[in-house]
Amino acid sequence: MKRIALLGATGSIGRQALEIIAANAELELVAAASGSQPIDGLAPLTSVGGDVEELLEEARPDVVLNAIVGFAGLPATVWALERGVTLALANKESLVAAGELALAAKRRGGGLLLPVDSEHSALLQCLEGRAAEQVESVVLTASGGPFRGRSREELDDVGPEQALAHPTWQMGRKITVDSATLANKGLELIEAHFLFGLPYGRIDVVVHPTSVVHAIVRFRDGAALAHLGYPDMRVPISFALTYPDRVPTPVPSLDLSRALVLEFEPPDLNTFPLLRLAREAGERGGTLPCVFNAANEVAVDAFLDGRIPFLAIADVVAEALAAADGAPARDLDELVEVDAEARRVAAGAHV
Ligand code: NAD
Ligand code: MG
């Protein structure tokens, strides 16, 4: 039996994880947390908007599935990594923001960090634990979101409703907007850097509208391995929860008797500058990824509330990055302060 703590149980990932857990006799839900929606009776231990560290201390899980959205997921990520408790990580924002501090906690704890993000789960499976020097580069695929192919002018007046209409994935509101701006792929670029220890120059992003190829690894001998499957998060969730085993899921395997379109095109960094800003923040390092994430969270909230236009999301993030010195945080308290300062700057940004 694996004892699972599910954080973010009412969300898009959380609900799909509940389905996977319910279908597997060897997975036992011992604790569940949500931000605000009630979850009474969902697990022996539950917490709504409470202290997740307290919940985890009491639950003593074998696996923490962190499916909280945003920087709010940081305490759970650090809790699991420090203790060597397997961390199934959907909450990419915590790894992006904490970066080296999270990796140091992982080294101390000595446990597993298994990505739930589909592209990173795909990379993990293609890499099979091979050393970084055998890898020439890795490729993250992006659907391109609902605004693929549009020019900046055509995005001047798009609102939340259009940004929330994602062509291939059904997800929470924040990540859906991030997919429309390509900030999500920017976060994933930084996530891949920390997960796989690769320099940014060896992590590419390519637009692939049908979302069937999740990632590609190019090896130094000229071979490239790709991971294919229908876009359905139950596959990477199941992989992380049952690792190193693979169990059946309700997701059908690829049907090659029907036409299957596998197109790839470079991302349009002019129309979607957040991908470029994320790469720059990652390459410059220090706390700039934390600033990128914090400002993006504030800007996405403002966009969803109708307070700023779509194209201003990137302007808010650019302004916060320009105002930050990026000096590395020595500990989590300093990181939390950097996050808070970036949020203040982003909230007052002149867009
Ligand atoms: P969502 O908005 O649907 O759900 C978020 C969940 O987090 C909810 O249960 C909410 O109650 C909970 N939550 C928020 N703040 C909390 C707090 N302070 N304490 C405890 N719980 C809190 O989001 P989602 O789409 O499920 O995404 C969750 C995470 O997974 C994000 O980091 C996202 O980037 C990542 N992710 C999601 C998908 C997807 O398909 N939805 C794919 C890849 C990665
Ligand atoms: Mg992803």
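Everything below is about the structure shown above.
No experiment lies behind these values; they were computed from the predicted model shown. (Residues numbered from 1 in each chain as written. Chains lettered and ligands numbered in written order. Predicted model: local features only at pLDDT ≥ 70, side-chain atom pairs only at ≥ 80, totals over all residues. Heavy atoms only, no water.)

J.: Describe in detail the sheet that holds strand β9 (residues 213-219), supporting the description with residues and values.
T.: One key point about sheets: their strands pair by backbone hydrogen bonds, in either a parallel or an antiparallel sense. Spatially, the four strands line up as an open sheet ordered β8-β7-β9-β10, and their pairing is mixed. The sheet is open, and its two edges are formed by β8 (203-207) and β10 (224-228), each paired on a single side. Between one strand axis and the next, the sheet turns through 20° on average, direction left out of account. (Pairing = 2+ DSSP bridges. Helix = DSSP H or I, 4+ residues; strand = E, 2+ residues; numbered from the N terminus. Axes fitted to C-alpha atoms, helices over the stretch in contact; angles between N-to-C directions.)

J.: An account of the packing of aromatic side chains is requested, with residue identities and associated values reported.
T.: In this structure the tally under the stated criterion is three aromatic pairs. With a centroid separation of 5.6 Å and 65° between ring planes, the pair formed by phenylalanine 239 and tyrosine 243 is classed as edge-to-face. Feature note: the residues Phe147, Phe303 and Phe310 constitute an aromatic cluster, connected by ring pairs. The side chain of arginine 130 reaches across the aromatic face of phenylalanine 219, ending 5.7 Å from its centre. (Phe/Tyr/Trp six-rings, centres within 6.5 Å; stacked < 30°, edge-to-face > 60°. Lys NZ or Arg CZ within 6 Å of the ring centre and 35° of its normal.)

J.: Tell me what's going on with the side chain of asparagine 184, and back it up with residues and numbers.
T.: Structurally, asparagine 184 can be placed in helix α9 (residues 183-196). Accessibility expressed as a relative area gives 6% for asparagine 184, which makes it buried. Excluding residues that lie within four positions of it along the chain, asparagine 184 makes contacts with Lys92, Ile175, Asp178 and Ser179. (Buried < 20%, exposed > 50% of the residue type's maximum accessible area, 1.4 Å probe, protein only. Contact = heavy atoms within 4.5 Å.)

J.: Explain the layout of surface pockets to me, and be specific about the residues and the numbers.
T.: The volume enclosed by the second largest pocket comes to roughly 420 Å³. Lining the second largest pocket are 22 residues, and of these His227, Leu228, Gly229, Val235 and Arg246 sit closest to its centre. Mapped by element, the contributors of at least two residues to the lining of the second largest pocket are α6 (118-127), β10 and α10 (234-242). Residue contributions to the lining of the second largest pocket peak at five residues, all from α10. Among the residues making up the lining of the second largest pocket, the classes are represented as 10 nonpolar, 10 polar and two charged. (1 Å grid on protein atoms, 1.4 Å probe; cavity = no way out; pocket = protein on both sides within 12 Å on 5 of 7 lines; lining within 4 Å. Points joined across faces, edges and corners; volume = space filled by probe spheres on them. Nonpolar A, V, L, I, M, F, W, Y, C, P; charged D, E, K, R; others polar.)

J.: Outline the pattern of salt bridges, listing residues and values.
T.: Pairing between side chains of opposite charge can happen when their charged atoms approach one another. The final tally for this structure, using the stated rule, is 21 salt bridges. Put simply, aspartate 178 and lysine 174 hold a salt bridge, and the shortest N to O gap is 2.8 Å. In this pair, aspartate 178 and lysine 174 are both assigned in helix α8 (residues 173-181), four residues apart and thus about one turn of the helix distant. Looking at aspartate 178, the relative accessible area reads 1%, which means it is buried. Classification of lysine 174 as buried rests on a relative accessible area of 13%. Across the salt bridge formed by arginine 344 and glutamate 337, the nearest N and O atoms sit 3.0 Å from each other. Accessibility expressed as a relative area gives 48% for arginine 344, which makes it partly exposed. Among the residues examined, glutamate 337 registers a relative accessible area of 45% and is labelled partly exposed. (Salt bridge = Lys/Arg side-chain N within 4 Å of Asp/Glu carboxyl O.)

J.: Help me get a handle on the site of ligand 1, residues and values and all.
T.: Around ligand 1 sit 21 residues in total, of which Thr10, Ser12, Gly35, Glu93 and Gly172 are the nearest. Within the backbone of glycine 11, one N or O atom sits 3.1 Å away from an oxygen atom of ligand 1. One nitrogen or oxygen atom from the main chain of glycine 35 is found 2.7 Å from an oxygen atom belonging to ligand 1. Computed on the free molecule, ligand 1 has an accessible area of 830 Å², of which 85% lies beneath the protein chains in the complex. Elements represented by at least two residues in the shell around ligand 1 include exactly α1 (12-22) and α4 (92-98). (Near = heavy atom within 4 Å. Polar contact = N/O pair within 3.5 Å; in protein donor to acceptor, adjacent residues only side chain to side chain. Areas by Shrake-Rupley, 256 points an atom, 1.4 Å probe, with all protein chains shown as cover.)

J.: Go over helix α13 (residues 312-323) with me, naming the residues and quoting the values.
T.: Over its 12 residues, α13 runs 17 Å from end to end, which matches the ideal 16 Å to within 8%, given 1.5 Å per residue. Residues of α13 that are buried: Ala312, Ile313, Ala314, Val316, Val317, Ala320 and Leu321. (Expected span 1.5 Å × (residues − 1).)

J.: How would you sum up the sheet that holds strand β2 (residues 27-34)? Please name residues and give values.
T.: The six strands lie next to each other as β3-β2-β1-β4-β5-β6, forming an open sheet whose pairing is parallel. With partners counted over all chains shown, the strands left at the sheet margins are β3 (45-48) and β6 (113-115), one partner each. Pairs of neighbouring strands in the sheet enclose a mean axial angle of 20°, with direction left out of account. The pairing of strand β1 (residues 2-7) with strand β4 (residues 63-66) spans four bridges and is classified as parallel. By the bridge assignment for β4, leucine 7 is matched with asparagine 66.

J.: Tell me about the coordination of the magnesium ion (ligand 2), residues and numbers included.
T.: Every protein donor of the magnesium ion (ligand 2) is listed here as Asp117 (OD), Glu119 (OE) and Glu188 (OE), and their distances to the metal cover 2.0 to 2.2 Å. On the basis of relative accessibility, which here comes to 6%, the residue glutamate 119 falls in the buried class. Taking the relative accessible area as the measure of exposure, glutamate 188 reaches 1% and is therefore buried. (Donors = N, O, S within 2.8 Å, 3.2 Å for Na, K, Ca; no water.)

J.: Explain empty space enclosed by the protein to me, and be specific about the residues and the numbers.
T.: In total, this model carries one cavity of 30 Å³ or more according to the counting rule given. By volume, the largest cavity is sized at about 60 Å³. In terms of lining residues, the largest cavity is bounded by Arg152, Thr181, Thr271, Phe272, Pro273, Leu274, Phe310, Leu311, Ile313 and Ala314. Among the elements of the structure, α11 (273-284) and α13 are those that each provide at least two residues to the lining of the largest cavity. Here the lining of the largest cavity is composed, by residue class, of seven nonpolar, two polar and one charged.

J.: Outline the pairing of β9, listing residues and values.
T.: Regular strands place their side chains on alternate faces of the sheet. The buried count for β9 comes to six of seven residues, which makes it a mostly enclosed element. Sheet topology places strand β7 (residues 135-142) next to β9; five bridges connect them, and they run antiparallel. Within the sheet, the bridge partner assigned to valine 138 lies in β9 and is valine 217. For β9 and β10, the ladder comprises five bridges, and the chain directions are antiparallel. By the bridge assignment, valine 217 is partnered in β10 with leucine 225. Between β9 and β10, which pair antiparallel in sequence order, lie four residues; one of them, glycine 222, sits at a positive phi of approximately 95°.

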